[in-house]
Amino acid sequence: AKVNTQRKWIRAVDRFIELIGDRPLSKIRPLAAYQFAQKQEDANPTVSNKSVTDYHTGVSLFFKYCVRKGYVEMNPFQGVSVKDLDKPKQGWLDYTPNDLDRIFAYDWAPQERLLLNILLSTGMRATEAGSLTWERLNDTEIKGIRYFSLISTNEEEVEVKNIGSARYIPLHPDLALPPRGEGRLFNYTIDDNGLCSSSIGHIINPILNRLVPHKRKSTHSLRGTLKVMLRDAGVSKEINDIYTGHGSGDVAGTAYGGASIETRAEAIAKAKIPWLKLQSPN
């Protein structure tokens, strides 16, 4: 399996231990599979059935391996379907302009303000932005256009959720970056699965929840918020999806996934994002 797939299955086992406990393998029964799915929903009311199913599959594959090695006699997840637990998906809600006023009026530390500015204006996921390196910033290839690359190279493997997220992202003209350096832009802890979303969430989400109390609003809401701003600016759905990582992604040898970097730069420049110009009050 690919490294990303392997990490996904490892995350599933880690999540199972977190929610169900580190029980002896021989003591785990099929009931635990249903409990695992339910506890995921209890912990996150917006969790998608796909996420629950993916975690279920990951743990099932782990037990399949254990059976093959003789560690257990049976796979307690085999034959258990969590699709029956499906419910109408409740996705993250977008932030309103009033929400954004409150968020960006807050006295954020410089690192968190920069991260929020990048999340709001690029549509990146928290891990994608929090793991950025200066080596991924290109400001010379195309005159007047700065863009981040989420494309893996021989020098750096980039963690993205799916192929659509592997893309080039021109930056909004109002997005200010600190003086160029080397290595990572942020110092958020990257875990064993190559993700830093937990580190980011522990710092930012409690503050966001105080500023805009809502169980369906968090850093992930900024992705949808940008899509709304692009739509309101008259950007086509096709370009909107490509820019925010909901398209087919950019693979070496293709024509930038159907839209040139220049086209994307023109699109993001149309979005009105006045919060990028706000500074911390102190």
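Provided above is the structure to which this section pertains.
The rules behind these values
- Residues numbered from 1 in each chain as written.
- Predicted model: local features only at pLDDT ≥ 70, side-chain atom pairs only at ≥ 80, totals over all residues.
- Heavy atoms only, no water.
- Helix = DSSP H or I, 4+ residues; strand = E, 2+ residues; numbered from the N terminus.
- 1 Å grid on protein atoms, 1.4 Å probe; cavity = no way out; pocket = protein on both sides within 12 Å on 5 of 7 lines; lining within 4 Å.
- Points joined across faces, edges and corners; volume = space filled by probe spheres on them.
- Nonpolar A, V, L, I, M, F, W, Y, C, P; charged D, E, K, R; others polar.
- Expected span 1.5 Å × (residues − 1).
- Buried < 20%, exposed > 50% of the residue type's maximum accessible area, 1.4 Å probe, protein only.
- Contact = heavy atoms within 4.5 Å.
- Core = buried A, V, L, I, M, F, W, Y, C linked by side-chain atoms within 4.5 Å.
- Salt bridge = Lys/Arg side-chain N within 4 Å of Asp/Glu carboxyl O.
- Phe/Tyr/Trp six-rings, centres within 6.5 Å; stacked < 30°, edge-to-face > 60°.

Visitor: Explain the environment of L61 to me, please; I cannot follow it from the model alone.
Guide: Relative to the assigned elements, L61 resides in helix 3 (residues 49–69). Each C-alpha atom of the pair L61 and V13 lies 9.7 Å from the other, and the pair is 48 residues apart in sequence.

Visitor: Which parts of the structure should I look at to understand the layout of surface pockets?
Guide: Gaps between atoms show up when a probe of the same size as a water molecule is rolled over them. Taken as a whole, the second largest pocket spans an internal volume of roughly 230 Å³. Looking at the second largest pocket, it is lined by 13 residues, and the ones nearest its centre are R113, N117, A176, L278 and Q279. Here the lining of the second largest pocket is composed, by residue class, of seven nonpolar, three polar and three charged.

Visitor: What should I look at first to understand helix 8 (residues 221–232) in this one?
Guide: Every α-helix winds through 3.6 residues per turn, so residues three or four apart in the chain are directed the same way. Here helix 8 is 12 residues long and its end C-alpha atoms lie 17 Å apart, about the 16 Å a rise of 1.5 Å per residue gives. Of all the positions in helix 8, only S221, L222, R223, T225, L226, M229 and L230 are classed as buried. Looking at the buried positions of helix 8, the neighbouring elements they touch are helix 4 (97–105), helix 5 (110–122), helix 9 (237–244) and helix 10 (261–270). A positive backbone phi angle near 85° is found at G234, which sits one or two residues after helix 8.

Visitor: Would you mind showing me how to read the nonpolar core here?
Guide: Soluble, globular proteins show a tendency: their nonpolar side chains are buried together. In terms of nonpolar packing, the biggest core is built from 47 residues, with I103 and I118 touching the most fellow members. Taken together, the elements giving at least two residues each to this core come down to helix 4, helix 5, helix 6 (126–130), helix 7 (197–211), helix 8, helix 9 and helix 10. Counting residues per element, this core draws most heavily on helix 5, at six residues. Look past the residues within four positions of I103 in its chain and what remains in contact with it is Y95, W108, L116, L208, L211 and V212. The next biggest cluster of nonpolar side chains, apart from the first, holds 15 residues, and it includes F16, L19, V59 and C66.

Visitor: Quick question: what am I supposed to make of the pattern of salt bridges here?
Guide: Applying the stated criterion across every chain, the model contains nine salt bridges. For D241, the salt bridge is made with K237, and the minimal N-O distance between the two is 2.7 Å. With D241 and K237 both in helix 9 and four residues apart, this pair spans about one turn of that helix. Taking relative accessible area as the criterion, D241 reaches 14% and is therefore assigned buried.

Visitor: Honestly, the packing of aromatic side chains in this entry has me stumped. Any pointers?
Guide: Aromatic ring pairs: the centre-centre distance and the angle between the two ring planes describe each pair. The full count for this structure, using the stated rule, is nine aromatic pairs. Residues F36 and Y55 carry aromatic rings whose centres are separated by 6.3 Å and whose planes lie at 40° to one another, so their mutual orientation is tilted. Highlighted residues: F36 in helix 2 (residues 30–43) and Y55 in helix 3, separated in sequence by 19 residues. Looking at F36, the relative accessible area reads 1%, which means it is buried. Here the aromatic rings of Y106 and W108 are separated by 4.8 Å at their centres, their planes lie at 70°, and the arrangement is edge-to-face. Take Y106: its relative accessible area is 26%, and that puts it in the partly exposed class.

Such coordinate-based values are descriptive only and should not be taken to indicate function.
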